[in-house]
Amino acid sequence: MSHPHTRLAHAGCEPDPSTGAVVAPIHLSSTFERAADGSYPHGYIYGRLGNPTRKDFEEAVAGLEGGTRGFAFASGMAASMSVLQALEPGDHLILPEDLYYGVRNLVETTFARWGLRYTAVDQTDLGALEAALTPETRLVWAETPSNPQLKVVDLATIAEHVKAAGAMLLVDGTWTTPLLQRPLELGADLVLHSATKFLGGHSDLVGGVVVAKEENAFTERIAHLQQIGGAVMDPFSAWLALRGMRSLGARLRLQCENASTLAAYLEEHPRVRRTYYPGLPSHQGHATAARQMDDFGAMLSFEFDGSGEEALAAVARARVFRRATSLGGTESLIEHRASIEPEDSPTPPSLIRCSTGLEHADDLLEDLARVLGD
Ligand SMILES: *Cc1c(COP(=O)(O)O)cnc(C)c1O
């Protein structure tokens with residue numbers, strides 16, 4: 001049972017030895033009984049330290065990524081925070097210029113005050129990355145395709161440079177899932193997911209997970225922060241995430257197909273200045289994406305040919321797409337990005353981001369025509 005689609009279809013479905021239930025139950029117990037000799041015969045002590053449902057989820061994602069261990073958190077940001085907390089004051093961090101803005105915000109508002117230094121670089125420019133690497137650089141954070149400009153970086157090449165500099169590479173894999181891209185196989189040390197998005201896949205949970213390629217002092221610190229810091233994924237969210245993951249293979253296939261259809265339409269449309277989708281041969285990172293991804297993903301952005309206000313008004317015409325942030329659910333979402341990001345964000349004012357869902361492509365195309373004013 002090694003094909004990822006097969007593993008996903010069975011995620012969290014080891015028959016329960018006490019009942020034969022095909023789907024594992026949700027273990028809500030906050031505490032676990034000790035044996036007469038004071039030991040913990042099943043390895044569980046207390047719900048914050050470890051929980052069987054959370055463990056099933058952690059093992060499922062770690063297995064799909066080809067990692068040795070997963071750590072599930074209460075959100076993608078809690079996962080990000082624990083990785084950053086595992087660094088030392090004085091360590092240097094490299095972020096991409098275009099990335100999920102919450103991570104940059106967290107670094108700027110909190111970790112910079114605690115002595116973490118960082119540089120934001122356009123990681124598509126290897127010279128810029130090289131120049132930013134210093135002997136103090138401990139971690140390089142990458143996101144490909146990036147949010148919301150879908151910049152693609154060559155992970156295997158970046159991993160070589162990062163390794164040569166003695167640093168670690170973390171890839172935020174939220175947009176790609178282990179089905180489309182496996183950063184650990186390309187040389188990354190850590191991969192992070194917001195399980196809120198494609199893994200959960202139904203816009204009904206908030207969660208996050210970090211997977212490590214190998215266990216070392218740094219991942220021990222992440223484990224410690226998970227248990228002592230306590231920003232853990234709750235059992236119900238872990239169960240929902242596993243339930244969602246079982247259909248990820250089928251969902252993603254259709255979602256990628258829809259994204260590709262919409263991108264081709266947008267690229268030809270006169271009211272669209274620019275379409276950002278790595279599946280388009282005109283995209284900056286098309287060749288790299290074709291090499292390192294199994295499909296081009298279900299996220300795309302485009303620049304409306306007008307002002308930021310006109311782009312916001314265009315989004316207001318959507319009827320099939322839901323106007324909401326987030327991504328990866330069964331329903332398509334559309335979002336005017338600049339109005340949700342901080343003012344200093346590099347996102348173009350008329351950029352509109354879409355997460356494509358499972359609707360029929362014809363309905364989505366008709367809706368985009370309405371958005372564009374046809
Ligand atoms: C949503 C998201 C996050 C943050 O995850 P939460 O679950 O919302 O905390 C991080 N990275 C990317 C790429 C995301 O899309």
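One can find the structure itself at the top, above this paragraph.
Chains are numbered independently. Their residues run from 1 in the order of the written sequence. Since the coordinates come from a predicted model, pLDDT governs what is reported: local features require at least 70, and pairs of side-chain atoms require 80 or more to be given and counted, while whole-chain, interface and lining totals use all residues. By convention in this description, side-chain values take in all heavy atoms of the structure and omit both hydrogens and water.

Student: Before we move on, could you go through the nonpolar core and cite the residues and values that matter?
Tutor: Nonpolar cores were defined as sets of buried Ala, Val, Leu, Ile, Met, Phe, Trp, Tyr and Cys residues, with membership established by side-chain atoms within 4.5 Å. Only protein chains enter the accessibility calculation, which uses a 1.4 Å probe; a residue is then buried when its area is under 20% of its type maximum, exposed when over 50%, and partly exposed in between. Core analysis: the biggest nonpolar cluster contains 51 residues, and Phe-57, Leu-169, Leu-199 and Met-245 have the highest contact counts within it. Each helix is a run of DSSP H or I of at least 4 residues and each strand a run of E of at least 2, with the numbering of both proceeding from the N terminus. Take this core: its biggest share by element is 6 residues, from helix H9 (residues 235-245). When checking whether two residues touch, look at their non-hydrogen atoms; a contact exists if any pair is within 4.5 Å. Filtering out sequence-adjacent residues up to four positions away, Leu-169 remains in contact with Val-140, Ala-142, Leu-155, Ile-158, Ala-159, Val-162, Ala-188, Asp-189 and Leu-190. Ala-79, Leu-87, Val-103 and Phe-218 belong to the second-largest nonpolar core, a separate cluster that totals 27 residues.

Student: Outline the pattern of salt bridges, listing residues and values.
Tutor: Salt bridges are identified by distance alone: a Lys or Arg side-chain nitrogen within 4 Å of an Asp or Glu carboxyl oxygen. Throughout the structure, instances matching the rule amount to 18 salt bridges. Here Arg-69 makes a salt bridge to Glu-215, at a shortest N to O gap of 3.3 Å. Separated by 146 residues along the polypeptide, Arg-69 in strand S1 (residues 69-73) and Glu-215 in the loop between strand S7 (208-212) and helix H8 (217-229) bring together distant segments of the chain. Its relative accessible area of 27% is what places Arg-69 among the partly exposed residues. For Glu-215, a relative accessible area of 45% translates into the label partly exposed.

Student: Quick rundown of empty space enclosed by the protein? Include the residues and the values.
Tutor: Using only the protein atoms, space was sampled on a 1 Å grid; points where a 1.4 Å probe fits but cannot get out form cavities, open sets with protein on both sides within 12 Å along at least five of seven lines form pockets, and lining residues are those with an atom within 4 Å of a point. Grid points are joined across faces, edges and corners, and a volume is the space filled by probe spheres set on the points. Under the definition given, this model contains 2 cavities of 30 Å³ or more. Considering only enclosed or pocket space, the largest cavity measures out at about 60 Å³ in volume. We call Asp, Glu, Lys and Arg charged. Ala, Val, Leu, Ile, Met, Phe, Trp, Tyr, Cys and Pro are nonpolar, and the rest, Gly among them, are polar. Class assignment for the residues of the lining of the largest cavity results in 3 nonpolar, 3 polar and 5 charged. Put simply, the second largest cavity is a space of about 40 Å³. Pro-145, Leu-150, Trp-175, Thr-176, Leu-180, Met-293, Phe-296, Gly-297, Ala-298 and Met-299 are the residues that line the second largest cavity. Here the lining of the second largest cavity is built from residues that sort into 8 nonpolar, 2 polar and no charged.

Student: Describe the packing of helix H10 (residues 248-268) against helix H13 (residues 361-371), listing the residues and the values that go with them.
Tutor: Fitting a line to C-alpha atoms yields each axis, with helices limited to the stretch in contact; the angle taken between N-to-C directions then spans 0 to 180 degrees. Packing of H10 against H13 brings their axes to within 10 Å, and their N-to-C directions diverge by 35 degrees. Two packed elements cross with a definite hand, and for H10 against H13 that hand is right-handed. Listed contacts from H13 to Asn-258, Thr-261, Leu-262, Tyr-265 and Leu-266 of H10 are Ala-361, Leu-364, Leu-365, Leu-368 and Ala-369. Considered class by class, the residues forming the contact of H10 with H13 number 8 nonpolar, 2 polar and no charged. Handedness of a crossing follows from how the near helix is turned relative to the far one, being left-handed for an anticlockwise turn of less than a right angle and right-handed for a clockwise one.

Student: Quick rundown of the site of the ligand? Include the residues and the values.
Tutor: The environment of the ligand is formed by Ser-75, Gly-76, Met-77, Tyr-100, Asp-172, Thr-174, Trp-175, Ser-194, Thr-196, Lys-197, Gly-207 and Leu-327. Two N or O atoms count as a polar contact when they lie within 3.5 Å, although within protein this holds only if one can serve as hydrogen donor and the other as acceptor, and sequence-adjacent residues are included solely when both atoms are side-chain atoms. In this structure, Gly-76 approaches the ligand through a main-chain N or O atom, which is 2.9 Å from an oxygen atom. The side chain of Asp-172 places a nitrogen or oxygen atom 2.6 Å from a nitrogen atom of the ligand. Class assignment of the residues belonging to the shell around the ligand gives a composition of 4 nonpolar, 6 polar and 2 charged. Here a residue is near a molecule or strand as soon as one of its heavy atoms is found within 4 Å of it.

Student: So what about the sheet that holds strand S11 (residues 333-336)? Which residues, and what values?
Tutor: In this description, strands pair whenever DSSP reports at least two bridges between them. Reading across the sheet, the 5 strands line up as S8-S9-S12-S11-S10 and stay open at both edges, with mixed pairing between neighbours. Each edge of the sheet is formed by a strand with only one pairing partner; in this case those strands are strand S8 (272-276) and strand S10 (322-323). Taken together, the 4 bridges between S8 and strand S9 (residues 299-304) define a ladder with antiparallel strand orientation. Note on S9: the bridge partner recorded for Thr-275 is Phe-302. The strands touched by H10 within the sheet are S8 and S9, with S9 carrying the most contacts at an inclination of about 15 degrees. Of the strands in this sheet, S9, S10, S11 and strand S12 (351-355) touch helix H12 (residues 308-315), which is tilted by about 160 degrees from S11.

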